[in-house]
Amino acid sequence: MSDEPGSAVVEGGTTGRSGQAVPKRERERLVVIGNGMAGARFVEELVARGGRNRFEIVMFGDEPYGNYNRILLSNVLAGIQDPKDIFINPLSWYEDNGVRLHAGVRVASIDRRSKIVRGASGVAEAYDKLVIATGSRAFVPRIEGLEREGGGYKSGVFVFRTLDDCSGILEHAKRSRRAAVIGGGLLGLEAARGLLGLGLEVHVVHLMKHLMEVQLDAAGGAVLRRALEDMGLAVHLEKSTREILGDERVEGLRFEDGSELACDLVVISAGIRPNAELARDAGLTVERGIVVGDDLCSPDDPDIHALGECVQHRGRTYGLVAPLWEQAQILADRLTERRPDAAYAGSKISTKLKVMGVDLLVMGEQRAASDAEEEVAYAEPSRGIYRKLVIRDGTLAGAILLGGGAPGGRLLQAFERGLKIPEDRAALLSAGAHAGAGEPSVGDMPDEAQVCNCNGVSKGQIAAAARGGCRTLRQACAATRAGSGCGACKPQVQAVLELVLGSDAAEDPSAHYYVPGVPYAKPELVRLIKERGLRSVSSVFRELAGGQEDLASKPGLASLLKSIWGREYEDERDARFINDRVHANIQRDGTFSVIPRIYGGVTTPAQLRKIADVAERYEARMVKITGGQRIDLLGIEKERLPDVWRDLGMPSGHAYTKGFRTCKTCVGSEFCRYGVGDSTALGIAIERRFQGFEAPHKLKLAIAGCPRNCSEATTKDVGAVAIEGGRWEIYVGGGAGSRVRKGDLLCVVDTQEEVIRYAGRFMQYYREQARYMERSYDFVERVGIERVRRVIVDDAEGVAARLDAEVQASVDAYADPWSEADSPIHPSQFTTLLPPPSGAPAQAE
């Protein structure tokens, strides 16, 4: 990282050892204890108000670094951001701004009588005004086996609070397979997100009945749990950890109910506690935190102020950044006398969480406090949507918005400004009912309106950056820090830019990168890959990204390379998700789901007997019929996968990958008295042709033998429906998962061969043009069915023959991945280094 650890800064004449005289100064001496987000932000605000003319500023920081954005630690853990990219103020900033920082020096005591702060290293600093911003620390519950003999946590046990914690977890994760996060609150889920990004199997262990109980009600917690489990997290609720197993290093957890969970990495994230001991020892009033008034001053000493997570104001402590920013601005106003009567009246709390696509916005209260208050809720658990409003006296007292599509910006503005909300409560929860009105107009917002809650950036600051020369979103974000937290405010930052600059606003090229770590849009990236013959993920990073590997980009690149090169693709398994590494779906208990391919949903008694024998032999915990007309064997241990595949003697159903999954069929004209087309034969032919077809996202197909559409072909990525006269309607861009959309009619054809040709041509066009993780329904809406039809059916761009040839090349390159049962890619491909967990239920997919 660029911000190397710094040593304590000691300057003769102004710093004295204990007992030494401190010379008189022309400026007052301001000492700040704490260089975290609150302390450093306060000093920034002070300097920006001309505070250096009034104060000589001295700071103490426990960590040997400058100041960094703690919110982004989970990004560092996930490999999305480099540690150097999360620094707000490197050590050079303090020197450039005349601030003396004792980096890596913990304060040992405050001598209020002599007005001297003493550091653990012996350094002492006199003060006229003292600001305490000592923040908080991770709360670690009492757990047997937490520490090893001689002191210190057992190897593999961490808290998640600092950059050093993050570095320790990253280093240990290199030799870990299964991680447990104790704590299902906001910080715990952020840590879990980071670990998941490292490719580990991650279990969240939570004491309460639902996740994030401080921010969510039970219904919202249940929807969040389902969304996170769909992403691969295993969630264990109402589990109290009694013991950490293992001698010198962690080997698992034992719970109060007697069950166990094997793991080799544990992150404890069970809450935080204010660091208030220093203030208590100095004789200041401390309850849950350091007690301060609206002037952010201790009631015991007019020269001592405090702010941030260490303080208690009006009986309340805060663990989010937005209140810290407010307190920093108010205290800077008071001490510089820009607004000597500025007062802190408390903060309206809102929280944004974004975990791998899960959007969550929580503000204010989650439950009505009396019958006079109103609750309005809407839920679609299958789509990961839960929305709830708490209304008091016609204003918004609180809200939970889980899942995309809700008018979060408008509701947040109404909440923060105390605006009256419309009588039509239900419409408030539906962005679709107010198309185009989901977010507030930035033109109507005052300059002081906060756009970025994570970093406390206002509309006026972004506008000033635009007037100062920032032309792109990236430039504006870099200049103001807006968008560098959860990133949810970026659309509003872009809107402010366009409001100020009009047509002079420039598009940010990174918005079009196929993957974040390689600076090329997809067409240019594909061209360079082909021209340079890049057949592996590592070669792409080496040739096109300056050798800088990016974990978040690897799966997308692996998929793209495989679709380009087919058999010539150089497979690097660490670039793949766990499911693609072992060709099976990992379940919440660490076992796997095995789904063999059953072409068109048609099986035989002999095949069913074989599946039943395998299920019994390998003790499958559940045998389930899937929505894709196949049979799922759940609860298979990883090391037994090759034996299961051999004994089944059936090819992989690819139920785990981004690509072609299955083709659902009805019985069609062969048996159904309404059938007008042989949907079964066509579905089998399609499934045999496209098995193993790689794509930016999963592809589900279906064939219906008549317009009754029993196989639901119109809500598939590609579907065909037989109609009178022996013809077939072909639909594309349908879906019935997290989003329901009827497909658009692509064309009507006369033969099954034409259905196969146009289906393949569309899928090839989709995988060439779509963004990574973009479903076909989003792709069709973005590109437009008219253009898709011109390319696929009319061949208006003259690419149809090439698309067909690319499809054929993929078909020719198909190889059953379950053949790796006899020839593993590497010796540990199917090895589980950990004993199986106990007490955890299997999850039906």
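An unreviewed UniProt entry annotates the protein as Nitrite reductase large subunit NirB originating from Sorangium atrum. Per UniProt, the protein has the following entry under Pathway (unreviewed entry): "Nitrogen metabolism; nitrate reduction (assimilation)." For the record of the protein, the UniProt heading Sequence similarities (unreviewed entry) holds the text "Belongs to the nitrite and sulfite reductase 4Fe-4S domain family."

Asks: What's the story with the overall build of the protein in this structure? I'm lost.
Replies: Along the backbone of the protein there are 24 helices and 44 strands. Summarising its shape, the C-alpha atoms of the protein cover approximately 100 × 65 × 65 Å along the three principal directions. Relative to its 845 residues, the protein shows a buried fraction of 54%. In the protein, of all internal contacts separated by at least 6 residues, the share reaching a separation of at least 24 is 64%. Accessible area of the protein: about 35,400 Å², with a carbon and sulfur share of 48%. Charge separation in the protein, taken as the distance between the mean sites of 108 positive and 117 negative side-chain charges, equals 1 Å.

Asks: What is the right way to read the sheet that holds strand S16 (residues 241-245) from this model?
Replies: The pairing of strands in a sheet happens through backbone hydrogen bonds and is either parallel or antiparallel. If you trace the three strands from one edge of the open sheet to the other, you get S16-S17-S18, paired in antiparallel fashion. The sheet terminates laterally at S16 and strand S18 (260-262), the two strands that pair on one side only. With strand direction ignored, the average angle separating the axes of adjacent strands in the sheet is 20 degrees. Direction of pairing for strand S17 (residues 252-255) relative to S18: antiparallel, over a ladder of three bridges. Paired with Leu253 across the strands is Leu261, a residue of S18.

Asks: What is the right way to read the packing of helix H11 (residues 459-467) against helix H13 (residues 490-501) from this model?
Replies: Working note: a packed helix pair is described by the angle between its axes plus the distance between those axes. As a packed pair, H11 and H13 sit with axes 9 Å apart at the nearest point and diverge in direction by 50 degrees. Between H11 and H13, the angle falls in the class oblique. Two packed elements cross with a definite hand, and for H11 against H13 that hand is right-handed. For the pair H11 and H13, contact is made by Lys459, Ile462, Ala463, Ala466 and Arg467 and by Val493, Val496, Leu497, Leu499, Val500 and Leu501, respectively. In the contact of H11 with H13, the residues fall into nine nonpolar, no polar and two charged.

Asks: Just to check I follow, could you spell out helix H6 (residues 218-230) for this structure?
Replies: Under the 1.5 Å per step criterion, the end-to-end length of H6 is 18 Å for 13 residues, consistent within 8% with the ideal 18 Å. Within H6, burial applies to Gly220, Gly221, Val223, Leu224, Ala227, Leu228 and Glu229. At the exit of H6 stands Gly232, carrying a positive phi of roughly 110 degrees.

Asks: Looking at this model, I keep getting lost on the sheet that holds strand S22 (residues 297-298). Mind explaining?
Replies: Within the open sheet, the six strands sit side by side as S6-S3-S2-S10-S23-S22. Their pairing is mixed. The sheet is open, and its two edges are formed by strand S6 (100-103) and S22, each paired on a single side. Where strand S2 (residues 28-33) lies against strand S3 (residues 55-61), six bridges are found, and the strand directions are parallel. Across the sheet, the residue bridging to Ile33 is Phe60, located in S3.

Asks: So what exactly am I meant to see when it comes to the packing of helix H21 (residues 752-769) against helix H23 (residues 785-792) here?
Replies: Packing of H21 against H23 leaves a shortest axis separation of 10 Å and a crossing angle of 120 degrees. Taken together, the axes of H21 and H23 lie oblique to each other. The interaxial crossing formed by H21 with H23 has right-handed handedness. Across the interface between the two elements, Tyr758, Arg761, Phe762 and Tyr765 of H21 pack against Arg787, Val788, Val791 and Ile792 of H23.

Asks: Would you mind showing me how to read the state of the cysteines here?
Replies: What we call a disulfide is simply a covalent bond connecting the sulfur atoms of a pair of cysteines. Summed over all chains, the structure comprises zero disulfides. Distance from the sulfur of Cys706, which forms no disulfide, to the nearest cysteine sulfur (Cys672) is 5.7 Å.

Asks: Which parts of the structure should I look at to understand the nonpolar core?
Replies: Soluble globular proteins tend to pack their nonpolar side chains together in the buried interior. By size, the foremost hydrophobic cluster in this structure holds 101 residues, and its most contacted members are Phe42, Val43, Leu130, Ile132, Leu195, Leu224 and Leu265. If we skip the residues at most four places from it in the chain, Leu224 touches Leu189, Leu211, Met212, Leu216, Val358 and Leu402. Val718, Val755, Ile756 and Val791 belong to the second largest nonpolar core, which has 37 residues in total.

Asks: Hey, could you run me through a negative patch on the surface in this one?
Replies: A surface patch of negative charge is lined by Glu149, Asp247, Glu248 and Glu251. Mapped onto the fold, Glu251 is located in the loop between S16 and S17.

Asks: Is there a simple way to think about the packing of aromatic side chains in this case?
Replies: Between two aromatic rings, the relevant description is the distance of the centres plus the angle of the planes. A full pass over the atoms with the stated rule returns eleven aromatic pairs. Taken together, a centroid distance of 5.7 Å and an interplanar angle of 70 degrees make the contact between Tyr68 and Phe87 edge-to-face. One end of the pair, Tyr68, is in strand S4 (residues 67-68); the other, Phe87, is in strand S5 (residues 87-89), with 19 residues separating them in the sequence. Exposure remark for Phe87: the relative accessible area of 13% places this residue in the buried category. A centroid spacing of 6.3 Å and a plane angle of 50 degrees characterise the contact between Phe660 and Phe690, whose relative ring orientation is tilted.

Asks: Looking at this model, I keep getting lost on the pairing of strand S33 (residues 518-521). Mind explaining?
Replies: The two faces of a sheet get side chains in turn, since along a regular strand they alternate between them. The pairing of strand S32 (residues 513-515) with S33 spans two bridges and is antiparallel. When the bridges of S33 are listed, Val515 appears paired with Val518. In this structure, the hairpin formed by S32 and S33 is closed by a connection of two residues.

Asks: Just checking my understanding: could you explain the confidence of the model for the protein for this structure?
Replies: Caution applies to low-pLDDT parts of the model: their predicted coordinates are not meant to be read in detail. Chain-level statistics for the protein give a pLDDT mean of 87 and a share of 91% at 70 or above. Contacts from residues 432-439, a stretch scored under 50 in pLDDT, to residues over four places away or in other chains number eleven contacts.

Asks: Help me understand the pattern of salt bridges, please; the structure alone is not making it clear to me.
Replies: Side-chain pairing between opposite charges can occur once the charged atoms of the two side chains come close. Scanning all chains against the criterion turns up 50 salt bridges. The salt bridge partner of Arg254 is Glu260, with a shortest N-O separation of 2.8 Å. Note on Arg254: relative accessible area 23%, which makes it partly exposed. Taking relative accessible area as the criterion, Glu260 reaches 27% and is therefore assigned partly exposed. For Arg646, the salt bridge is made with Asp822, and the minimal N-O distance between the two is 2.7 Å. Placement of Arg646 in helix H19 (residues 641-648) and of Asp822 in the segment after helix H24 (800-812) is noted, with a sequence separation of 176 residues between them. Relative accessible area serves as the criterion here: at 61%, Asp822 is assigned to the exposed category. Linked through salt bridges whose partners overlap, the residues forming this network are Arg41, Glu45, Arg49, Asp333 and Arg339.

Asks: I tried to follow the pairing of strand S10 (residues 129-132) on my own but got confused; where do I start?
Replies: Residues of S10 alternate between two faces, with Lys129 and Val131 on one and Leu130 and Ile132 on the opposite face, all of them buried. Two elements, S2 and S10, share four bridges in a ladder whose sense is parallel. Across the sheet, residue Val32 finds its bridge partner in S10, namely Val131. Examined bridge by bridge, S10 and strand S23 (residues 301-306) share three bridges and lie parallel to one another. Bridging from a neighbouring strand, Leu130 pairs with Ile304 of S23.

Asks: Teacher, can you tell me more about the side chain of Glu44 here?
Replies: With respect to the secondary-structure elements, Glu44 resides in helix H1 (residues 37-48). Polar side-chain contacts of Glu44 include one of 3.0 Å to the side chain of Arg481. Sequence-distant contacts of Glu44, that is, excluding residues within four places in its chain, are made with Ile88, Asn89, Trp93 and Arg481.

Cut-offs used in this document
- Residues numbered from 1 in each chain as written.
- Predicted model: local features only at pLDDT ≥ 70, side-chain atom pairs only at ≥ 80, totals over all residues.
- Heavy atoms only, no water.
- UniProt positions renumbered as here; feature names shortened; annotations may be inferred.
- Helix = DSSP H or I, 4+ residues; strand = E, 2+ residues; numbered from the N terminus.
- Buried < 20%, exposed > 50% of the residue type's maximum accessible area, 1.4 Å probe, protein only.
- Contact = heavy atoms within 4.5 Å.
- Areas by Shrake-Rupley, 256 points an atom, 1.4 Å probe, with all protein chains shown as cover.
- Lys, Arg positive; Asp, Glu negative; His and termini not counted.
- Charge placed at Lys NZ, Arg CZ, Asp CG, Glu CD.
- Pairing = 2+ DSSP bridges.
- Axes fitted to C-alpha atoms, helices over the stretch in contact; angles between N-to-C directions.
- Parallel < 35°, antiparallel > 145°, perpendicular 65-115°, else oblique.
- Left-handed = near helix turned anticlockwise from the far one by under 90°.
- Nonpolar A, V, L, I, M, F, W, Y, C, P; charged D, E, K, R; others polar.
- Expected span 1.5 Å × (residues − 1).
- Disulfide = S-S within 2.5 Å.
- Core = buried A, V, L, I, M, F, W, Y, C linked by side-chain atoms within 4.5 Å.
- Patch = residues over 30% accessible without salt bridge, like charges linked within 9 Å, V, L, I, M, F, W, Y side chains within 5 Å.
- Salt bridge = Lys/Arg side-chain N within 4 Å of Asp/Glu carboxyl O.
- Phe/Tyr/Trp six-rings, centres within 6.5 Å; stacked < 30°, edge-to-face > 60°.
- pLDDT = per-residue confidence, 0-100.
- Polar contact = N/O pair within 3.5 Å; in protein donor to acceptor, adjacent residues only side chain to side chain.

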